[in-house]
Each structure stands twice: as C-alpha cells, then as structure tokens.
Amino acid sequence: MSDTTSQPTPRGFLTLADIPVADWPAVWDRTRALETDRLATTFAGKTIALVFEKPSTRTRVSFEVAAYELGGNSVVLSTDGSQLARGEPVADTARVLASYCHAIMVRTFGQERVAAFARASSVPVINGLSDQHHPCQVATDLYTVREHFGRIDNLRYAWIGDGNNMAQSWLEAAGMFGLDLLLACPEGYAPDPDHVRSARAAQQASGRGSIVLTTDPREAAAGAHVLSTDVWVSMGQTDEAQRRIDFQGYCIDPALLACAAPDAIVLHCLPAHRGEEISGDVLDGPRSLAWKQAENRLHVAKAILEYVMRPTVVR
Ligand code: CP
Ligand code: NVA
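Rules of the game
- Residues numbered from 1 in each chain as written.
- Chains lettered and ligands numbered in written order.
- Predicted model: local features only at pLDDT ≥ 70, side-chain atom pairs only at ≥ 80, totals over all residues.
- Heavy atoms only, no water.
- Near = heavy atom within 4 Å.
- Polar contact = N/O pair within 3.5 Å; in protein donor to acceptor, adjacent residues only side chain to side chain.
- Areas by Shrake-Rupley, 256 points an atom, 1.4 Å probe, with all protein chains shown as cover.
- 1 Å grid on protein atoms, 1.4 Å probe; cavity = no way out; pocket = protein on both sides within 12 Å on 5 of 7 lines; lining within 4 Å.
- Sits in = over half its atoms within 2 Å of the grid points.
- Nonpolar A, V, L, I, M, F, W, Y, C, P; charged D, E, K, R; others polar.
- Core = buried A, V, L, I, M, F, W, Y, C linked by side-chain atoms within 4.5 Å.
- Buried < 20%, exposed > 50% of the residue type's maximum accessible area, 1.4 Å probe, protein only.
- Contact = heavy atoms within 4.5 Å.
- Salt bridge = Lys/Arg side-chain N within 4 Å of Asp/Glu carboxyl O.
- Helix = DSSP H or I, 4+ residues; strand = E, 2+ residues; numbered from the N terminus.
- Axes fitted to C-alpha atoms, helices over the stretch in contact; angles between N-to-C directions.
- Parallel < 35°, antiparallel > 145°, perpendicular 65-115°, else oblique.
- Left-handed = near helix turned anticlockwise from the far one by under 90°.

(A) Looking closely at the site of ligand 1. For ligand 1, the full set of nearby residues is Ser-56, Thr-57, Arg-58, Thr-59, Arg-107, His-134, Gln-137, Cys-269, Leu-270 and Arg-297. Between Thr-57 and ligand 1, the recorded distance is 2.7 Å, taken from a backbone N or O atom to an oxygen atom. Across the complex, the protein chains shield 95% of the 250 Å² of accessible surface that ligand 1 would expose by itself. The cavity where ligand 1 resides is the largest pocket. The residue inventory of the shell around ligand 1, partitioned by class, reads 2 nonpolar, 5 polar and 3 charged.

(B) Structural detail: the nonpolar core. The biggest cluster of nonpolar side chains holds 58 residues, and the ones touching the most others in it are Trp-24, Ile-48, Ile-126, Leu-142, Tyr-157 and Trp-170. Apart from residues lying up to four places away in sequence, Trp-170 is in contact with Val-138, Asp-141, Leu-142, Tyr-157, Trp-159, Leu-179, Leu-181, Ser-228 and Leu-267. In terms of nonpolar packing, the next biggest core, distinct from the first, is built from 24 residues, Trp-232, Ala-260, Ala-264 and Val-282 among them.

(C) Molecular detail of the pattern of salt bridges. Taken as a whole and assessed by the stated rule, the structure comprises 18 salt bridges. The residue Arg-38 makes a salt bridge to Glu-69 at a minimum N-O spacing of 2.8 Å. Note that Arg-38 is positioned in the loop between helix H1 (24-36) and strand S1 (47-52) and Glu-69 in helix H2 (residues 58-69), a separation of 31 residues in sequence. When its relative accessible area of 37% is taken as the criterion, Arg-38 is described as partly exposed. A salt bridge links Glu-53 to Arg-113, with the shortest nitrogen-to-oxygen separation between them at 2.6 Å. Taken together, the residues span a long stretch of sequence, with Glu-53 in the loop between S1 and H2 and Arg-113 in helix H4 (residues 111-120) at a distance of 60 residues. Using a relative accessible area of 12% as the deciding quantity, one classes Glu-53 as buried. Residue Arg-113 is classed as partly exposed on the basis of its relative accessible area of 30%. In this structure, a network of salt bridges that share partners links the residues Arg-32, Glu-35, Glu-147, Lys-292 and Glu-295.

(D) Highlighting unusual backbone geometry. Cis geometry marks the peptide bond from Leu-270 to Pro-271, where omega comes out at 5°. Relative to the helices and strands, Pro-271 is located in the loop between strand S9 (265-268) and helix H11 (280-283). Even without glycine at this site, Leu-129 takes up a positive phi of about 125°. Structurally, Leu-129 is set in the loop between strand S4 (125-127) and helix H5 (135-149). Overall, Leu-129 belongs to the buried group, its relative accessible area being 6%. Relative to the elements of secondary structure, Leu-270 occurs in the loop between S9 and H11.

(E) Fine view of the side chain of His-133. Looking at where His-133 falls in the secondary structure, it is placed in the loop between S4 and H5. One polar contact links His-133 to Ser-169, side chain to side chain, over a distance of 3.5 Å. Not counting residues within four places of it along the chain, the set of residues in contact with His-133 comprises Leu-14, Thr-15, Gln-111, Asn-127, Asn-165, Ser-169, Glu-172 and His-195.

(F) Seen up close, the packing of H5 against helix H12 (residues 290-309). Packing of H5 against H12 leaves a shortest axis separation of 9 Å and a crossing angle of 110°. By the angle between their directions, the pair H5 and H12 is classed as roughly perpendicular. As H5 packs across H12, the resulting crossing turns out to be right-handed. Packed against H5, whose contacting residues are Cys-136, Gln-137, Ala-139, Thr-140, Asp-141, Tyr-143 and Thr-144, the element H12 presents Gln-293, Asn-296, Arg-297, Val-300 and Ile-304 at the interface.

(G) Quick peek at the site of ligand 2. As a matter of local geometry, ligand 2 sits amid Leu-129, His-134, Asn-164, Asn-165, Asp-230, Val-231, Ser-234, Met-235 and Leu-270. Note that a nitrogen atom of ligand 2 is positioned 2.6 Å from one of the side-chain N or O atoms of Asp-230. Contacts to ligand 2 include Ser-234, whose side-chain N or O atom sits 2.7 Å from a nitrogen atom. Here ligand 2 occupies the largest pocket. When its residues are assigned to classes, the shell around ligand 2 shows 4 nonpolar, 4 polar and 1 charged.

Here you go:
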C-alpha cells in the first residue's frame, strides 16, 4: 500500500460526478440493502482515517459506525489534535495516512485541499464536505427522495437559501441526473457561476432537466416536490451579522410550504437553526424528512465506502 508509484490513481469520491450516473442506481440499491441488513464484512480488517478541519456530528459518527458495521475500523484526526494545525503539508499527511489506512475521508475548506489529499494518497479519498461541495450529503438526499417517491426524476426540486456547498452539489446533481432545479438565493449569494454553467452544460448534453435561479423563494417553492435548505452561515464564514439581515424571508415556514406541491417533502442536511432558514413546526412536522435523511447518512456512507474500495460489490 505504501508504494504509490506502481499503483493506478485510486478511486475517490470528491464530487458526485466521481461515481458515473450509470452506477448510482446500484449504489442506492446497495444502500437499501445495507439499510435492511446493517452488518456486512466488506470493510473487514480495514481502517478509514477521518480527517476533520471543521466540526461535524453526522459525518463523523455515520462514517465511524459505517466502518465498524462493515467489519472495519476508523481513526479520527482533528486539526487540533494533529500536525495539520502546526502546518504539516496536506500532501505529507495524506501520504502517511495512506500507508496506515485503506481509505481517507476529509472535511476541510477549499476543494483544492481535498484534491491535494487525493493526489498524494495511494488510497481512495472521500470528500466529507468542502467549501464548494458536500457530495455525501446530496447523495443521501437523493437516496431519501428515491425511497420516498420511488424515483428521482419527474420531480420539481427547490433550493431555498445560500448558494453554498450544498447548493452546488445539488447543481451538480441536477446536471448529472437531468433534474428540474430552482434555486432561490438572496442577491449576492447565488452559487458560483462556473458551477451553474457546468450543470447547465451537462443538462444540455443530455437534453434533460432545467436550472432556474431566482431571488424569490415563492417562485422556487411553487409546485415543488422537494424543498431543501441549509444554514444561512456555513462553517468558516465570518460575515454572520450581515447574512442574518440579507437572508430575512428565506425561511421554509408553513406559508412557503403552502406554495409547494401537496405531497411536497422538506429536506435539511442539519444542523438547523429553527426560526432562521426553517421554522420549527416545518422541521418537526409531517412533511419533513430531515430525521430520516440524517439516518440515511449512515447507509449511504457504507455504500460509498464499498464503492470506492471495491466497486464490483455495489454493481
Ligand atoms: N449534514 C452534515 O454534514 O452534518 P455534520 O456537519 O454534523 O457532519
Ligand atoms: N453549508 C453547511 C453544511 C453543514 C453540514 C456548512 O458548510 O457549514
């Protein structure tokens, strides 16, 4: 494992597109099987390193439990408790971790830092959230939609709030799977135009789906089957006070939910701020799948881990 020169580039999961569209149904079918029967031996004798440069509850615990229930082990490394905090280069850290472990999950800041981990690693690297993407979460959200509606297509998706890492992974999903996605973000908080462009280009190539950007939450919510939101202030953002002013009105509350399809579901990756991006009655109400969505992180983490380790298991 320590000889990086003779090995092919390891299979990793840095964004959703690292798993081809054609493989996703099998990944979600495998997720379903792992939800039904939680114990497996597909990671037996193996260890995943979980590197956190930002806080986490769901990502950390779901991957730790996933590794254990697949017969393996996990080691958590946080910035404070490692040499990363003292400036050890990412590439050096990745190279060493890859010589002990069989997979690495990284939660960090710029996507380039995740990519640097992957370049230096001889084992697969999974993106556990960067400033630009949160692929494990949106993979889970799509699984949750698929379980609920029996499909992910022919549905109308609305994103209400910040054009952040979650919104950008939703954009990538819309491009890959040809989804109809409307995003309502305040002026100045739209997703990176490059992400919008490439998602639209993917849709154009496949001839499926649409992407609409608006500043009006009601326009995005109108007739939507899936309403998603996220915190107004993501980890690492410092303009908290200004954001709380600029995001007024971008709350999924009963009035906004009333604009959606009668059978609409509400998703939130959590953690949530009740009374800001989502009202407490919606988050804890009957249309919310946030709690099942959070549980599903575990099942999807296992399927992704299996896929990057040995994709034939899930195919
Ligand atoms: N949704 C999510 O990634 O949660 P954590 O930040 O708790 O991992
Ligand atoms: N956008 C949020 C997601 C948290 C899971 C953040 O990056 O903090």
